[in-house]
Amino acid sequence: MRRRLRLLLLAVAVPLTVVACKALRSAKPLGDMRDMQRMIAGRLDAAYVGNEGCLGACHFHDKLARHFEATTMGASMAAEQGVTQIDCESCHGPGSLAVEGISPDKVRADAAQGIQTACKHDTLIDFRGLPVTAQNLLCLNCHSTLATFNLHEWSDGAHARGEVACADCHPPHAGPDLIIPFRARSALCSRCHEATFAEMALPSRHPVREQKMSCTDCHDPHGASAGALVAPTVEETCTRCHGEVMGPFAFEHAEVIRDCTGCHSPHGAMNEALLPVSEPALCLRCHSGHFITAPGGGPSSLEQKGMFYTRCTDCHSSIHGTDLPSSRGRGTFTR
Amino acid sequence: VRGLVTIMMLSALALPALAEKADKGTPGAAPTTEDDFLRLWQKTSDEVQLMLHGFPELPPELNLELGFRYLEIEGAGRVREYGASKSFPVLDLHGSYYTLTQRMHAELRIDSPSDFDADVAYRFKNLFAFRGMVNGLRRNLDRFSLVDLGADQRFTITDQTRAAQPTSDTIAVQAEGRLFAPGYPAKLFVKAWVFKRKRDADMRMLGGSGYFDALDRFDVSHRLETLQTRLDVGANAHVGPVELEYAHVFDAFTRSSHVPKLAFTAGTLAGTDQLVDMVPAVTGSRDTIKLHTAATGRLVLAVTGGRESRENRETGASGTIWSGTATLRATPAERFTLGARYDVRASDWHLPATITVADSSLNLSAGPYTGVRPMSGVTQTLRTNATYRPSRLVSLLGEWSLEDKQRSNAEDWHVAKRTVRDTYGGRLMVRPSTAFELGAGYKYETVDSPAYNWDPTSSHRVTANLKVRPLAAVTASATYELVRHQRNNLQLTIPGTTVVDGAARITSHNVFATVTVVAEQTSLSIAYGYQQFDDRQTMIYQTFAFEGAGFLADRADYASQAHLVALDLSHAVSESLSVGGRGSWSSSESHLDPSLSEALAPVSLGTFSSQLIVQTRVEVYTRYAIGSSWGVRLSGGFDQITYDRSQYNPARDGKAYSVAASVQKSW
């Protein structure tokens, strides 16, 4: 009986899946940008000629085109793939006017004379001349509708609002490999965030300069739910490596462990453990200092002062939280 | 999950065979040089068309660097905080291989057995993509010592440290595999994160005592091994007018079975061995659903919802967090954009009424005990912003946000039950030409019923940045930030009570300036940074045996400042010879003035924490190319760190010298 039920379920599930997949395929994956691109280019009379039109006319010997063809995007537009979603005109707009009057014969004749045939670029979209938001829209046309969820938060992110262009970090014709290697990531960020990198020269810091960490380990440049492009929360970002302070604990340091930046300065600090304010001053901002007077009055001794006012964590060593009570049964983080 | 992983592994195994088959179907080798293309002209137009769209099969590339680094460290190992602390052969390997069907990029660097990294990316057609990164790191930790300041027998120090130079070795592994639906934007993905750490936990702690006039302090170290794993499995797809993603995350944090014990000599636990530094094992999971519309529309909507659970495996403490986010971006007019975002996060934390450590092998000598009920709550945030671009050269941005935080059992923690934070901000960006950029921003924040003392009652933040390029080869930039916090009615805790009194005023300045010159054969960059922080606030000190409410010091002052100078130079002497160097110098100092006569005798208590740290780093290098594929690289480095020397702050100075030589070869 159970076997029959399973077979029945299978018999229903398979056709349903096929129908669902077919329905999915019929849903348009890309919005129609064609009229919009004509308007951006300022030439409503331009027509789309496809890769054949562009490359066949003059760009077939262009290094930029060849390098681009070797990228992941280029691989998608190669004829063997049978994918027609991406081509030169996806970014550059309709190309009929640019290649008007240009033929392989003319290009060959020009090449024989050492002349590179001039393409009428001004009829195409002036990509880098567009406002940054418009540049990015051309990228987002595919990259927000092709199940690329790293751009889920892009529209609300600091980079989108700060008019950072996609091509600033991902130049599409840079070479055959558009992947940003791990070691190169932070250098990319430092081009704009120089002051933040200066903080990483302070005595206490993360190993970003040594290329052992990159900015993207904590920040999502494509947008993130928490401020400063930190995803999804500060606590989760930090405990990804510092799991020993994650909790929940039997004795917690109030809500302090839910927002590490209350005590720590993650880019760099002059005090140990990324503390912008050193102990005991940091702790004295909220807590009272231990005995400042001696039995019977008068100031406490040198030894007592040295013990209580060097580093609070010398005794309160599990300051982030602990499951063990102190010797007097309280949660004072002493073990 | 197993099924998904199996499908992905099988797919990965099958790909090379598929690739071979696909390669056979690919037209002949595609042109790679200009000459190839010119030769193509001689062929028929049909052939040309066929070749034009052939993938430009690039030959494999491999770059190898092999050498040896001699390293000598004097004093504290922390002078080279991150990286190898001993001489070792070095290896750097970089390879790439691109064909239509298979695309691969690989990097490997080894500096020592504990310092290495690798980055591998592989893609098969538009069907499968993999990215894996491994990163090993040695960290030379600071070694703090407890200082015995006198002959008072009531205060003792027991030194049980094991490692003269404590270290921390970590290995981080990130991997991501994506399986794409052919010809349709949908995919399955698996992401893995593994973080393993072995650390000399160098701890100072209270060894027992019971009272503050007779303290036994311990300086102990033990080897702590922890392992953190995270597996993220999900799928996303384009579905009609929207895109949808679902992901499930498994989280686990475990530690080595050994938990150190300390013999307590006094106080309520005198004569017993007690566990210390018991890092708990924690497990958790998370489900997330995301949905968004296309980012090219006039209205863009993105919604995220999630539920997270977490449990402490030692005590049974647990929590559940529900979170939701909705963002809306609207472009009602050509030059005007509006954005709104709503976040809600509700946390519910539970602690068993009595706690018994779950792992009986830990042999906790104290019986069941009670913890402190954790704080739960709901935080809602609404952020709005508007951007107006009156021309292509100018952008104006205005922001307003409101955060409302409600805490469920705030009375147990003596903090406000509800805190409301209002923030207003504006920013102006002017780019009249590519040679000039100016930005200025202002943010004002008010906090109603702040819960913690670092939160201000009101706060002002001013930023400014300037970038100019007076000559094509010269770029100069400068940034400035001023932050001023004002806080009234500080909550100062003293055992048994909370005193609400006093005020805090924090002022900080950050300045950074740099000039870069890029000439034909030389590039030079000089940078200067300055950071100043000043916190004047009321502090509270206890009297002996908690007599009275304690001493309030109205204007205790903590001040710090840091200077940084950095220089980077590179010069191409000839086509085959290049030289360069970089160096930095930083000086950081801080001091606490307790502002109370009892805190100043016999010495100011600020003396124990004042510090001056000076760090110097210099590196020079030269590279000589032999032909087009060989090269030799020589480099030398010097690092130094010095601390202020006083009887209360033992010096942790160190120097490091390094010399490295390597041979480079490209194929």
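Rules behind the numbers
Per-chain numbering applies: the sequence of each chain, read as written, is numbered from 1 onward. As they are written, the chains are lettered A onward and the ligands numbered 1 onward, keeping that order. Note on the predicted model: pLDDT of at least 70 is required for a residue's local features to be given, and 80 or more for side-chain atom pairs to be given and counted; whole-chain, interface and lining totals, by contrast, use all residues. The basis for the side-chain values is all heavy atoms of the structure; hydrogens and waters are excluded. What we call a nonpolar core is a set of buried Ala, Val, Leu, Ile, Met, Phe, Trp, Tyr and Cys residues that are connected through their side-chain atoms within 4.5 Å. Note on exposure labels: buried denotes an accessible area under 20% of the residue type's maximum, exposed denotes more than 50%, and partly exposed covers the range between, all computed with a 1.4 Å probe on protein chains only. In this description, contact between two residues means that some pair of their heavy atoms is separated by no more than 4.5 Å. Within the patch definition used here, like charges are joined within 9 Å and nonpolar side chains (Val, Leu, Ile, Met, Phe, Trp, Tyr) within 5 Å, considering only residues with over 30% relative accessible area and no salt bridge. Each accessible area is a Shrake-Rupley result for a 1.4 Å probe, and residues are judged covered by the shown protein chains and nothing else. Every case where a carboxyl oxygen of Asp or Glu lies within 4 Å of a side-chain nitrogen of Lys or Arg is listed as a salt bridge. Counting from the N terminus, the helices are DSSP H or I runs at least four residues long and the strands are E runs at least two residues long. Confidence of the predictor in every single residue is expressed as pLDDT, which spans 0 to 100. Note on definitions: buried area is the accessible-area loss of two parts on being combined, 1.4 Å probe, summed for both. Think of a polar contact as two N or O atoms within 3.5 Å of one another; within protein, one of them needs to be a possible hydrogen donor and the other a possible acceptor, and neighboring residues in sequence only count if both atoms come from side chains. Each residue gets one of three labels, nonpolar for Ala, Val, Leu, Ile, Met, Phe, Trp, Tyr, Cys and Pro, charged for Asp, Glu, Lys and Arg, and polar for the others, Gly among them. Stacked, tilted and edge-to-face are the three classes assigned to paired rings of Phe, Tyr and Trp, where Trp is represented by its six-membered ring and a pair needs centres within 6.5 Å; plane angles under 30 degrees give stacked, over 60 edge-to-face, the rest tilted. We call a charge positioned over a ring when the NZ of a Lys or the CZ of an Arg lies within 6 Å of the ring centre and within 35 degrees of the ring normal. Strands are labelled as partners when DSSP assigns at least two bridges between them.

In terms of nonpolar packing, the biggest core is built from 30 residues, with I292 and Y309 of chain A together with Y541, L592 and L605 of chain B touching the most fellow members. Not counting residues within four places of it along the chain, the set of residues in contact with Y541 of chain B comprises L284, G289, I292 and Y309 of chain A together with G550, F551, A553, A556, P594, L596 and L605 of chain B. Among the nonpolar cores identified, the runner-up in size contains 13 residues, and M205, F218, F253 and V279 of chain B belong to it.

Residue and element names in this part refer to chain B. The grouping of Y624, I626, W630, V632, L634 and V663 at the surface amounts to a nonpolar patch, some 520 Å² of accessible area in total. Elements with a minimum of two residues in the nonpolar patch: β27 (611–626) and β28 (630–643). The element that contributes the greatest number of residues to the nonpolar patch is β28, accounting for three residues.

Time to look at the confidence of the model for chain B. Reading fine detail from the predicted coordinates is not recommended where pLDDT is low. Residue and element names in this part refer to chain B. Looking at chain B, the pLDDT average stands at 85 and 87% of residues meet or exceed 70. At the low end of the mean pLDDT range in chain B sits helix α3 (residues 45–52), at 37; at the high end sits strand β20 (residues 436–448), at 96. Ignoring residues within four places in sequence, the model shows residues 11–54, a span with pLDDT below 50, making 56 contacts including any to other chains. Interface confidence for the predicted complex, given as ipTM, is 0.86, next to a pTM of 0.86.

Okay, the interface of chain A and chain B next. Opposite the 139 residues of chain A that make contact, chain B presents 188 residues. Interface area for chain A against chain B, summed over the two sides, is near 14,400 Å², with a carbon-plus-sulfur share of 57%. Counting every contact that joins chain A to chain B gives 13 salt bridges. Between R230 of chain B and E236 of chain A there is a salt bridge, with its nearest N and O atoms 3.1 Å apart. Counting across the interface, chain A meets chain B through 46 residue pairs in polar contact (both at pLDDT 80 or more). Of the residues assigned to the side of chain A that touches chain B, the class counts are 57 nonpolar, 44 polar and 38 charged.

As a further point, take the packing of aromatic side chains. Aromatic ring pairs are defined here through the distance separating the ring centres and the angle between the ring planes. Counting across every chain of the model gives seven aromatic pairs over all chains. Measuring from ring centre to ring centre gives 6.3 Å for F251 of chain A and Y369 of chain B, while their planes differ by 15 degrees; the resulting arrangement is stacked. Linking F251 of chain A in strand β1 (residues 251–252) with Y369 of chain B in the loop between β16 (336–350) and β17 (377–391), this pair reaches from one chain into another. Given the relative accessible area of 2%, F251 of chain A is considered buried. Each ring, one from F533 of chain B and one from Y558 of chain B, has its centre 6.2 Å from the other, and the planes form 65 degrees; the classification is edge-to-face. One end of the pair, F533 of chain B, is in strand β24 (residues 522–541); the other, Y558 of chain B, is in strand β25 (residues 551–572), with 25 residues separating them in the sequence. The class for Y558 of chain B is buried, based on a relative accessible area of 1%. Of note, R240 of chain A hangs over the ring of W193 of chain B, and the distance from its end group to the ring centre comes to 3.9 Å. Directly above the aromatic system of Y643 of chain B lies the positively charged group of R652 of chain B, at a separation of 4.2 Å from the ring centroid.

Let us now look at the pairing of strand β26 (residues 577–593) of chain B. Residues and elements named next belong to chain B. Strand direction decides the pairing type here: β25 and β26, joined by 16 bridges, are antiparallel. Looking at the pairing, Q561 lines up with E589 of β26. Here β25 folds back onto β26 in antiparallel fashion, the turn holding four residues.

In this section: the confidence of the model for chain A. All names here are of chain A. Mean pLDDT over chain A stands at 79; residues scoring 70 or higher make up 81%. Helix α4 (residues 63–69) is the least confidently modelled element of chain A, averaging 65 in pLDDT, while helix α14 (residues 281–284) averages 94, the highest of any element. The low-confidence segment residues 27–31, where pLDDT is below 50, has 15 contacts with residues more than four positions distant or belonging to other chains.

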